[in-house]
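Architecture and fold: a report
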Amino acid sequence: MGFEHLANALTLTNLALALFGVVAGTIIGSIPGLSATMAVAVLVPITFAMPPASALILLGAIYTGAIYGGAYSAILLNTPGTPSAIGTTFDGYPMAKRGDGDLAVAIACYASVFGGMIGALALLLLAPPLSSVALAFGPVEYLWLSIFGLSLIASLSTGNLLKGLAGGAFGLLLSCVGVAEISADIRLTFGSSTMIGGIEVVGALIGLYCIPVLIDLVATPERHLKVEEGGRAVRFREGALLAWRSRFNLLRSSIIGTVIGILPGAGGSVAGLVAYSEAKRTAKPGQKFGEGEPDGIMATEAANNATVGGGFIPTLVLGIPGTPPDAVILGALLVQGVRTGPTLFDSGGSIVYTFIFGLFIATILMLPTGLLIGRYAYKTIVTIPKTILVPSVGFMTIIGTFAIRNSISDVIIMIVLGTVGWVLSRFGFAASPIVLGLILGPIAEQGFVQAWIIGEATGNLTGMFFGRPISLAIIAFTVLSLVYPVIQGRRAKKLLEMQAGSNAKTDD
Amino acid sequence: MLKLKFVKTLVVASAVSLVAATGALAFPEKSIEYIIPFGPGGESDISARFQQPFFKDKFGQDLVVSYKPGGGGAVGWAQLNSMAGDGYTIMGINLPHIVIQPAQKDVGYTTEDIKAFYMFHYTPDAIVVTADSPYQTLEDLIADAKANPGSVTMSGSGKATANHLAQIRFDKMAGIKTTYVPFKGTGASVTAMLGKQVKAQWGYTTVGAAQGDAVRMLAVAMEERHPLFPDVPTFKELGFDMVGGAYRGMAVPKDTPDETVKALSDMFGEINADEAFRKQMLDGGFALLDVGVDGMGDFMKARKDEYIEAATEAGLLN
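Residues numbered from 1 in each chain as written. Chains lettered and ligands numbered in written order. Predicted model: local features only at pLDDT ≥ 70, side-chain atom pairs only at ≥ 80, totals over all residues.

**Some details on the overall build of chain B**
Operational definition: Secondary structure counts use DSSP, requiring at least four H or I residues in a row for a helix and at least two E residues in a row for a strand, with both numbered from the N terminus. A radius of gyration in this sense is built from C-alpha atoms; the matching globule rule multiplies 2.2 Å by the number of residues raised to 0.38. Around each residue's C-beta, the other C-beta atoms within 10 Å are counted; 20 or more make the residue buried, 12 or fewer make it exposed, and counts in between make it partly exposed. All C-beta atoms are placed from the backbone. In this description, any two residues whose backbone-derived C-beta atoms lie within 7 Å of each other are considered to be in contact.
Check the secondary structure of chain B and you find 11 helices and 10 strands. Its C-alpha radius of gyration of 21 Å places chain B within 12% of the 20 Å reference for a compact globule of 318 residues. Structurally, chain B occupies a C-alpha span of about 70 × 45 × 35 Å along its principal axes. Split into buried and exposed, the 318 residues of chain B put 54% on the buried side. Considering only intrachain contacts with a sequence separation of at least 6, the fraction spanning at least 24 residues in chain B is 75%.

Right, dumping it as structure tokens:
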């Protein structure tokens with residue numbers, strides 16, 4: 001790495017490509033169903049004619065933009081534009097509901113840029129040593145990581161644990177539909193060949209999150225989001241101040257995102273959820289996660305954009321894609337004749353470093369473009385009349401779901417799941433536990449089956465599941481996150497009693 | 001605004017597939033849709049991407065790659081025959097998938113339903129270990145497996161796949177018992193091998209090409225050594241009659257006219273004959289194959305018999 005690579009990245013063409021990539025990525029990512037993977041795959045043929053470094057910069061910029069763009073629909077429509085933005089809905093939508101949508105969009109942008117920078121920095125400075133993290137994670141570690149993710153159900157369903165667990169179990173069941181990933185068994189298709197493909201996660205996300213919002217929009221006379229009357233000043237500064245106050249949360253979430261991004265079996269959705277759960281666990285008194293807490297948005301958005309840089313670490317160093325979009329980029333590089341993997345940093349070093357600087361530039365460009373597009377998106381969603389909003393969003397959900405696999409049955413599944421989700425929400429079942437089960441179920445299942453096979457072959461089943469240091473650390477974190485809310489609740493209760501006893505005035 | 005976003009996205013998307021509407025009379029007179037029944041980024045996608053620029057160069061029309069993943073390819077193949085049979089829709093096909101899947105369960109299509117017109121390459125089976133593995137040669141691995149039956153764990157991509165069938169066939173030939181651990185795709189299976197979660201991997205020559213010095217291949221399932229790896233012996237040299245791997249090609253909907261099918265077969269044959277294309281594929285670790293529409297029947301029958309035999313013996317077909 002050196003100045004010549006920075007200079008290479010700064011050519012007019014590369015700058016223009018980074019800008020185009022970020023803008024296109026943000027817009028594509030904001031549409032539910034049009035994911036980062038697809039955005040990258042669609043643009044691959046264009047890059048054949050480009051020099052490899054420029055091609056990488058364009059694809060990297062689209063990727064990072066798309067991950068950020070997912071936040072818009074999460075905040076403004078309660079629908080994660082990409083699975084990475086699931087955690088953003090938890091606090092983003094409540095903020096938008098109460099009229100703080102513009103602030104939420106702004107802090108999502110700051111957090112995404114921050115997370116993206118940390119991820120890229122790790123890629124620049126620590127890629128070869130960090131790539132060993134990808135290899136240290138075996139089947140058992142993925143099993144425990146997904147169980148840790150599932151433990152989030154407990155903290156997500158405050159006051160209604162049983163319904164949360166039931167939702168999670170329903171999600172796990174849904175994840176079993178179709179051809180099992182590693183055993184090739186066909187399950188729960190009830191003889192229908194359309195069900196063989198299983199339940200597509202993004203389609204399910206759109207159904208479970210967006211359809212209930214649409215139904216409620218039609219069923220109630222109120223406006224979609226609360227609007228403050230009288231032109232309010234732009235809230236960029238307020239957002240920046242909030243982000244500065246939460247710098248430790250941002251840093252922790254970015255590091256979590258980078259590390260989980262390195263793991264080929266996880267990804268942006270898991271990273272965002274783990275960061276969210278950590279932010280919630282370490283919440284200050286008075287912070288209400290799940291009811292519009294800015295720190296919740298920041299944790300998810302910082303973490304998911306950090307996975308971009310993190311995911312490139314195993315992709316470039318080991319030739320193993322860290323995330324699905326990385327797999328597409330790896331393929332594009334292969335067609336270009338660039339061989340990734342162990343030799344790349346030596347033989348193709350200049351391409352790699354030019355690309356990394358390009359990723360930095362794209363991330364920085366995301367700040368002005370993201371704030372600008374975000375503001376425009378917010379204004380549109382807020383001012384557009386319901387009669388136009390509902391059909392447009394409805395149309396978008398159908399096109400988006402269809403586009404994932406060019407499949408009409410996915411659209412039908414989406415609508416059915418959405419209706420089921422709406423009915424369930426009437427009875428107090430939230431969508432998020434279902435989605436957690438759907439996403440984490442296959443990871444847990446694969447890890448369990450593989451660990452069992454290996455453990456049995458080596459004659460050490462117990463040691464396989466409970467004898468590996470990283471597994472033990474994840475188990476400890478799981479227990480901590482399950483027990484902590486109970487301890488916290490007790491402590492708060494005690495504090496309250498003490499205060500009541502001494503008649504002390506509350507501060508703040 | 002939402003509509004505007006849409007228009008913008010569509011512009012981006014259509015810029016890719018933009019086709020000059022020139023009045024060429026010969027086939028193809030417009031772009032051809034090339035459906036990959038898997039997600040993007042896998043070996044099926046990558047090898048299709050290799051063909052893409054050559055097709056455009058030679059025939060002046062775009063080969064537009066799209067994806068229809070699900071059910072390990074079954075979702076796409078089950079729908080192939082309901083698509084327009086005008087030669088402008090082709091779909092990637094994989095062996096042993098299209099033989100094993102319908103033989104196991106009702107997946108909405110049969111092997112005979114698939115009208116294959118060209119098989120253009122295969123990724124030869126190979127046993128891959130890390131560079132610092134105690135297995136220096138295939139003999140070392142066999143000796144360990146003989147001494148400790150079942151304790152040699154080998155990762156591979158999926159169950160009842162090319163990797164799995166290779167493991168079953170080789171165990172039988174060598175008279176050993178190894179433990180096959182299925183992973184989700186070749187990437188995850190390589191990761192498990194590199195991370196020493198397993199002792200070896202049933203992979204492909206492409207793994208050796210991508211991983212370079214980090215891995216060692218003990219043997220490859222080819223007739224002759226792969227030009228990229230002159231030092232790696234074939235199974236045949238070592239006394240095991242194993243040649244094969246995961247084969248990839250293209251098929252059309254059943255009702256596509258024979259002359260169109262023949263034209264397509266010739267076109268892809270022309271790409272396969274291109275020296276630059278061959279070099280790219282070989283450098284990636286692939287092995288080329290030239291089975292056009294004429295030789296397809298015999299080729300498919302031979303493969304089918306081989307797979308069904310191995311899968312039946314292993315109890316995969318029940």
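There is more to say, and it comes next.
**Details of the domain arrangement of chain B**
Residue and element names in this part refer to chain B. Quick note on the threshold: Residue ranges assigned to the domains are those given by an automatic or database domain assignment. Under the scheme applied here, ten amino acids are nonpolar (Ala, Val, Leu, Ile, Met, Phe, Trp, Tyr, Cys and Pro), four are charged (Asp, Glu, Lys and Arg), and all others, including Gly, are polar.
For chain B, the domain assignment lists domain 1 (31–122 + 245–313) and domain 2 (124–220). Inter-centroid distance (C-alpha atoms) of domain 1 to domain 2 is 26 Å. Taken together, the 17 residues of domain 1 in the interface contact 17 residues of domain 2. Secondary structure elements with two or more residues in the side of domain 1 that touches domain 2: α4 (97–104), β9 (245–252) and α11 (296–313). Here the side of domain 1 that touches domain 2 takes four residues from α11, the largest share from any one element. For the side of domain 1 that touches domain 2, a count of residues per class yields nine nonpolar, six polar and two charged.

**What to know about the confidence of the model for chain A**
All names here are of chain A. The test is simple: Predictor confidence is given residue by residue as pLDDT, running from a minimum of 0 to a maximum of 100.
Here chain A shows a mean pLDDT of 88. Residues at 70 or above account for 95%. Taken element by element, the predicted model of chain A shows its lowest mean pLDDT in helix α15 (residues 344–347) (70) and its highest in helix α11 (residues 247–262) (96). Low pLDDT (under 50) marks residues 504–508, which in the prediction has three contacts with non-local residues, meaning those over four places away or in another chain.

**Let's talk about the nonpolar core**
Note the following rule: Among buried residues, those of type Ala, Val, Leu, Ile, Met, Phe, Trp, Tyr and Cys that are joined through C-beta atoms within 7 Å form a set called a nonpolar core.
Among the nonpolar cores identified, the biggest contains 266 residues, and Val40 and Ile75 of chain A are the most heavily contacted of them. Looking at which domains feed residues into this core, each of domain 1 (31–122 + 245–313) and domain 2 (124–220) of chain B gives three or more. Beyond its immediate sequence surroundings of up to four residues, Ile75 of chain A is in contact with Thr88, Gly92, Tyr93, Met95, Ala96, Gly101, Ala104, Val105 and Ala108 of chain A.

**Comments concerning the pairing of β9 of chain B**
Residue and element names in this part refer to chain B. Rules: Pairing between strands requires that DSSP locate at least two bridges from one strand to the other.
Burial runs high along β9: eight of the eight residues are buried. Sheet topology places strand β4 (residues 115–130) next to β9; eight bridges connect them, and they run antiparallel. When the bridges of β9 are listed, His121 appears paired with Arg248.

**Some words on the interface of chain A and chain B**
Listed by partner, the interface residues are 61 residues for chain A and 56 residues for chain B. At the level of secondary structure, the elements contributing two or more residues to the side of chain A that touches chain B comprise α2 (12–30), α3 (36–47), α5 (86–136), β1 (178–179), α14 (324–336), α16 (349–383), α17 (386–405) and α19 (431–457) of chain A. Its residues assigned to classes, the side of chain A that touches chain B comprises 39 nonpolar, 20 polar and two charged.

**Concerning the packing of helix α4 (residues 52–77) of chain A against α14 of chain A**
All names here are of chain A. Operational definition: Fitting a line to C-alpha atoms yields each axis, with helices limited to the stretch in contact; the angle taken between N-to-C directions then spans 0 to 180 degrees. With respect to orientation, any angle under 35 degrees is reported as roughly parallel, any angle over 145 as roughly antiparallel, any angle of 65 to 115 as roughly perpendicular, and every other angle as oblique. In this scheme the handedness of a crossing depends on how the near helix is turned from the far one: anticlockwise by less than a right angle means left-handed, clockwise means right-handed.
Relative orientation of the contacting elements α4 and α14 amounts to 165 degrees, with a least axis distance of 11 Å. Comparing the axis directions of α4 and α14 gives the class roughly antiparallel. The hand of the α4/α14 crossing is right-handed. Of α14, the residues touching α4 (which contributes Pro52, Ala55, Leu59 and Tyr63) are Pro325, Ile329, Ala332, Leu333 and Gln336. Residue composition of the contact of α4 with α14, grouped by class: eight nonpolar, one polar and no charged.

**Focus on α11 of chain A**
Using the following cut-off: The span one expects for a helix is its residue count, reduced by one, times 1.5 Å.
Taking 1.5 Å as the rise per residue, α11 of chain A with 16 residues should run 22 Å; its terminal C-alpha atoms sit 23 Å apart, in good agreement. When we look at burial in α11 of chain A, the residues that qualify are Asn249, Leu250, Ser253, Ser254, Ile256, Gly257, Thr258, Val259, Ile260, Gly261 and Ile262 of chain A.

**Overview of unusual backbone geometry**
Along the chain, Leu95 of chain B connects to Pro96 of chain B via a cis peptide bond; the corresponding omega equals 10 degrees. As for its placement among the helices and strands, Pro96 of chain B is situated in the loop between β3 (89–95) and α4. Unusually for a residue other than glycine, Ala184 of chain A sits at a positive phi of about 60 degrees. Tracing the backbone shows Ala184 of chain A in the loop between β1 and β2 (186–187). On the basis of neighbour count, Ala184 of chain A is assigned to the buried category, with 20 C-beta atoms found within 10 Å.

**Some remarks on α4 of chain A**
Residue and element names in this part refer to chain A. Under the 1.5 Å per step criterion, the end-to-end length of α4 is 38 Å for 26 residues, consistent within 8% with the ideal 38 Å. Of all 26 residues that make up α4, 25 are buried, and the element is covered over most of its length. Just past α4, the residue Asn78 takes up positive phi, approximately 60 degrees.

**Observations concerning the packing of helix α9 (residues 201–219) of chain A against helix α18 (residues 408–426) of chain A**
Residue and element names in this part refer to chain A. Contact geometry of α9 with α18 gives a least axis separation of 7 Å together with a crossing angle of 55 degrees. Considered as vectors, α9 and α18 are oriented oblique to each other. Where α9 crosses over α18, the handedness of that crossing is right-handed. Here Gly203, Ala204, Ile206, Gly207, Leu208, Cys210, Ile211, Pro212 and Ile215 of α9 lie close against α18, whose contacting residues are Asp410, Ile413, Met414, Ile415, Leu417, Gly418, Thr419, Gly421, Trp422 and Ser425. For the contact of α9 with α18, the residue count by class is 12 nonpolar, six polar and one charged.

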